[in-house]
Amino acid sequence: MASTAAAEIPAAETSDAELTIGGMTCASCAARVEKKLNRMDGVTATVNYATEKARVSYSAGITLGDLVATVEKTGYTAQPVARPAPAPSAPAPAPATESPRRTPTPAEAAGGGLPTGTPRDSAGGGAASFRESGELRGDDPGEAAERRADAALAALRQRLQVSAVLAVPVVLMAMVPALQFDNWQWLSLTLAAPVVVWGGLPFHRAAWTNLRHGAATMDTLVSIGTLAAFGWSLWALFLGTAGMPEMRHGFEITASGSDPSSTIYLEVAAGVVGFILLGRYLEARSKRKAGSALRALLRLGAKDVTVLRPGTGPGPEVTEVRVAVDGLQVGDRFVVRPGEKIATDGTVVEGSSAVDTSMLTGESLPVDTAPGDSVTGATLNVSGRLVVEATRVGSDTRLARMARLVEDAQSGKAAAQRLADRISAVFVPVVLLIALGTLVAQLLATDDVTASFTAAVAVLIIACPCALGLATPTALMAGTGRGAQLGILIKGPEVLETALRIDTVVLDKTGTVTTGRMTLGRVHTAHGTAETDVLRLAGALEHASGHPVARAVAAGAAARTGLALPAPADFTDVPGLGVRGTVEGHAVLAGRAKLLTDAGIALPASLEDALAQAAGQGSTTVAVAWDGEARGVLEVADSVKEGSAEAVAELRSLGLDPILLTGDNQASADSVARAVGIDTVHAEVLPEEKAQVVRRLQEAGRSVAMVGDGVNDAAALAVADLGLSMGTGTDAAIEAGDLTLVRGDLKVAPAAIRLSRRTLSTIRSNLFWAFGYNVAALPLAAFGLLSPMIAGAAMAFSSVFVVTNSLRLRSFT
């Protein structure tokens, strides 16, 4: 194998990298690579058999080339995953080296490749595969990885089909004595030989590679078992009596005794190879399905974009230039026409439209968008033309961060899986010893060479640790992928284990249970005053103010009357009290009741009662007067989100006790709590005190989940046993949470907890099956109760069962 002076990339104090590992065929392979990497000073690595990737943290003095070389010395191939190119803000010289700490773009995260600027040809064994994959021709790394995976699956399918066509007649002739004509055994040999040699070549090649490195894996078991059965058959045919034209023998499920020189195992050798190839193919196809959600997420982004550039003439004209999305810079303005995807995260500066966000949030209804609104890259512009100013590009976009979170979660390991990995690491050598012990013990106990040999081969073939290695990763791939489709991002398997223990959920009020925006509520009018007049005159005056309450009144008045609001004259802002001015010849006042009192205007009893009632419910009030008389009282409040009450009810159905936590006044908090069905309220809590409330609940023996969206929730999200951050909230809250609800809809919170619990339940059932299978099957094989071919079929089925069980998560709703 060529040396890997590749990627001599100096590290910072601590660097992170991802390697694509080639050549792994079972969980024990992943355990070997992980063990070798972790033996390096300053290296911490996790190897995932299902995703075929290693996540590595390494200290200064170690290079990516060192990591690749270590993997290759272990008998496998490794390629660093491609990193994003330098930001295109200025023409940058192509560096000879690049820091491995850079985060991959979504497209790059999907496939293998060396970092930009890394000398590809010095990558040892990886360089050739780069040339073959087409990545040196400038292809997209993600698409190249897809092609490699598709080609590998097609090659495996071809090997399976040819082997099946040849092996089926061999198995049938061995199982059905009526098909055994004179010299049938020689036809069996002719058909079985290509299956064992060519069909089983991947197993033999891997076994030989591992042997050269002093290791044994599942391929070692399969190779030894099938070659032993084939070798025995050759001995019996050429040196024994099995080659006689009239030779006949039956088929039994258990290992039975007979004359060794007249017994052949060609159906075992060919059948086991066929069954295991079938298992490998179904497993590979199922793993592709399990990761399909992440691949679909990575492909969501637009490929090119229409950017507005200054014209070449002397005037202020701009021209539209079509460029690749990679060429976008923060601050660029680009055009999005109906039916096009929004190229990157940004702010609308011109136009209005409906934007379909379902591919990221799972929300089916389009969102109305106008100037000043934020939009997310990869969402679909449905109707109008938009001009958007880019605010985030490349690996900083919301799509890239989502992909990163999903991939990080899929690379993690639950506590039970770490135990399974430790078992897999020693499993194959132990099985080899058990097979040898079975052969010796059976010979001593029965003196039956045939039965003893059959039992030993069955032990070798049935003991497959693949199901152990697939139990967690495939469930995580399916569960987190489905979560991404529904707008739920799970950070890792530890989150799943925590979600099972949660008994209390603390809900932030503003922006989580409520919309976080002031809206116009009830309108109370004095006797003889029309509600439309109150709204039109007060709305016109408030429209000239920038206060949040004023904006809520103006927007509500325009929406309810359906009329254009007149322009006020002589507008005056009275600090802390309200506004005054002239509207259509009327002297109008709108603000606190004190504004009217100071002007000598008294409120009638009906409006006084309305003020008191609104204050008791925690609503903000706006008193309206014109021409020296009080005319009405408007209620303004932060409205409860649609679906919050339903979400709280579902949280209760999951056995969780909901608690409302807010910095607002007690009356407002109590009103919201009553509206959504929450009994316990912590109000008037300062931002720094929110984490203390969570700690007190934990000290009382509760396992607490926290749902929030603001900077002031970040500490509480971090302290909570399980943090659920609203994706519409701040970056600080999203980073602090364990689960991110992309849609910002509280109804997704119970769904996220249910998905977490379902995924963990699937992992546990997978591990139970994998452990139970090996515990039950090994003794049966050792005591001669299973023939090798039945053992091969059972072993292949165990892996297929685990992957298929995980795929049920794709239908989670």
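Cut-off values and rules
Residues numbered from 1 in each chain as written. Predicted model: local features only at pLDDT ≥ 70, side-chain atom pairs only at ≥ 80, totals over all residues. Heavy atoms only, no water. Helix = DSSP H or I, 4+ residues; strand = E, 2+ residues; numbered from the N terminus. Buried < 20%, exposed > 50% of the residue type's maximum accessible area, 1.4 Å probe, protein only. Areas by Shrake-Rupley, 256 points an atom, 1.4 Å probe, with all protein chains shown as cover. Pairing = 2+ DSSP bridges. Axes fitted to C-alpha atoms, helices over the stretch in contact; angles between N-to-C directions. Contact = heavy atoms within 4.5 Å. pLDDT = per-residue confidence, 0-100. Core = buried A, V, L, I, M, F, W, Y, C linked by side-chain atoms within 4.5 Å.

A.B. asks: Help me understand the overall build of the protein chain, please; the structure alone is not making it clear to me.
C.D. replies: Summing up its helical and strand segments, the protein chain has 28 helices and 26 strands in all. Counting all 813 residues of the protein chain, 53% fall into the buried class. Entry remark: accessible area of the protein chain is about 33,000 Å², with carbon and sulfur atoms responsible for 58%.

A.B. asks: Help me understand the sheet that holds strand β26 (residues 739-741), please; the structure alone is not making it clear to me.
C.D. replies: Adjacent strands of a sheet pair through backbone hydrogen bonds, lying either parallel or antiparallel. One open sheet holds the 7 strands; their spatial order is β14-β26-β25-β24-β15-β22-β23, and the pairing between them is mixed. The sheet is open, and its two borders are formed by β14 (488-490) and β23 (680-682), each paired with just one other strand. Neighbouring strand axes in the sheet, compared pairwise and without regard to direction, differ in orientation by 20° on average. Docked against the sheet, helix α16 (residues 493-501) engages β14, β25 (722-726) and β26, running at close to 105° with respect to β25. Strand contacts of helix α23 (residues 666-676): β22 (657-661) and β23, with the helix running at about 150° to β23, the strand carrying the most contacts.

A.B. asks: Sorry, what's going on with the confidence of the model for the protein chain here?
C.D. replies: Interpretation of the predicted coordinates at a detailed level should be avoided for regions scoring low in pLDDT. Of the residues in the protein chain, 79% reach a pLDDT of 70 or more, and the chain-wide mean stands at 79. Per-element confidence in the protein chain is highest for helix α6 (residues 184-199), whose mean pLDDT is 95, and lowest for helix α4 (residues 125-133), whose mean pLDDT is 33. Counting contacts from residues 1-12, a segment whose pLDDT is below 50, to residues more than four positions away or on other chains yields 44 contacts. Between residues 84-139, whose pLDDT stays under 50, and residues either more than four places distant or in other chains, the model counts 140 contacts.

A.B. asks: Explanation requested: the nonpolar core in the structure shown.
C.D. replies: Core analysis: the biggest nonpolar cluster contains 59 residues, and L19, I21, L37, V43, V56 and L67 have the highest contact counts within it. Examining the composition of this core, we find that 9 residues originate from one element, helix α9 (residues 266-290), more than from any other. In this view, L19 contacts E52, K53, A54, V56, L64, L67, V68, V71, Q79, P80 and V81; residues no more than four positions away in its chain are not counted. In this structure, L656, L660, L741 and L809 belong to the second largest nonpolar core, which totals 46 residues.

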